[in-house]
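Geometric and topological summary
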Amino acid sequence: MKSRSLLLHEVRRRAEGTPYVVTETESGFDVSLAVEDEQWWPLLRRADASAMTHHVAVDEGQETVRITDVVRTLTWRPDPRRRGEMEPVLSAGVAAGRLTGRSVSRTYQLEGWRLHQVAEETTDLSGGRTIVREVARDQGWLERRGAAERIGLVVGLVGAVGAVVTVVALLVVWWSGGFG
């Protein structure tokens, strides 16, 4: 039988040295961007990162994990305590489910008449999810879709079926001369 504590321990170990922090919860654990840790602020600012949290629900009996991504918009404002410094602020915009995306920020410098790239920062929204998935796979856990993801798939499927029914109905009316 698989152990939730062993999964949590290994995810914490793999998250060391990354901008992610792992926090135990009642249903499992969360893997979040360490917005509170000032050492990551320059990276987060350059990459224009969002504050992503991966809620991981662990079911030891079924030997499954469910990962639900929650992203909050992260903006920067002047820090009133430190002149000239910026601090992160979480805004109210929230999206949940299975979220993927990549942000790329490039800096260029003009030398003579030529433009040269001098820096590039890439942020992957699913970085914390990747850590969890790799550890879970290595330990033999099965990944199941979270509730928000399942609801999204059902809504998408209902919409697709509705679109097909509408097109078929319009074709039947057209073939019968109803638009005549």
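The structure under discussion appears in the preceding block.
About the criteria used
Residues numbered from 1 in each chain as written. Predicted model: local features only at pLDDT ≥ 70, side-chain atom pairs only at ≥ 80, totals over all residues. Heavy atoms only, no water. Helix = DSSP H or I, 4+ residues; strand = E, 2+ residues; numbered from the N terminus. Buried < 20%, exposed > 50% of the residue type's maximum accessible area, 1.4 Å probe, protein only. Contact = heavy atoms within 4.5 Å. Areas by Shrake-Rupley, 256 points an atom, 1.4 Å probe, with all protein chains shown as cover. Salt bridge = Lys/Arg side-chain N within 4 Å of Asp/Glu carboxyl O. Core = buried A, V, L, I, M, F, W, Y, C linked by side-chain atoms within 4.5 Å.

**Some words on the overall build of the chain**
- Helix and strand content of the chain: 4 helices and 8 strands.
- When its helices and strands are written in sequence order, the chain yields α-β-β-α-β-β-β-β-β-α-β-α.
- Put simply, the chain has 180 residues, and 30% of those count as buried.
- Pairs at least 24 residues apart make up 48% of the contacts formed inside the chain by residues separated by at least 6 positions.
- Split by element, the accessible area of the chain, about 11,600 Å² in all, is 55% carbon and sulfur.

**As for the pattern of salt bridges**
- For the structure shown, the criterion picks out 9 salt bridges.
- Its salt-bridge partner being R4, residue E24 comes within 3.7 Å of it at the nearest N-O pair. In this pair, E24 is assigned in strand β1 (residues 20-24) and R4 in helix α1 (residues 4-15), connecting sequence segments 20 residues apart.
- E143 is the partner of R129 in a salt bridge, and the nearest nitrogen-oxygen pair spans 3.0 Å. With R129 in helix α3 (residues 127-139) and E143 in strand β8 (residues 142-145), the pair connects residues that are 14 residues apart, well separated along the chain.
- With a relative accessible area of 27%, E143 lands in the partly exposed category.
- If you follow the salt bridges from partner to partner, you end up with E10, R13, R14, E134, R137 and D138 in one network.

**Considering the nonpolar core**
- Within the largest apolar cluster, 19 residues are counted, with the highest numbers of intra-cluster contacts made by L7, V11 and F29.
- Broken down by secondary-structure element, the contributors of at least two residues to this core are α1, β1, β2 (28-33), β3 (51-59), β4 (64-78) and α3.
- Once residues lying within four places of it in the same chain are set aside, the contact partners of L7 are F29, V58, V65, V135, A136, Q139 and W141.

**Notes on the environment of I131**
- Here I131 is to be found in helix α3.
- Its relative accessible area of 12% is what places I131 among the buried residues.
- In sequence terms I131 and A15 are 116 residues apart; their C-alpha atoms lie 7.2 Å from each other.
- Filtering out sequence-adjacent residues up to four positions away, I131 remains in contact with V11, R14, A15 and Y20.

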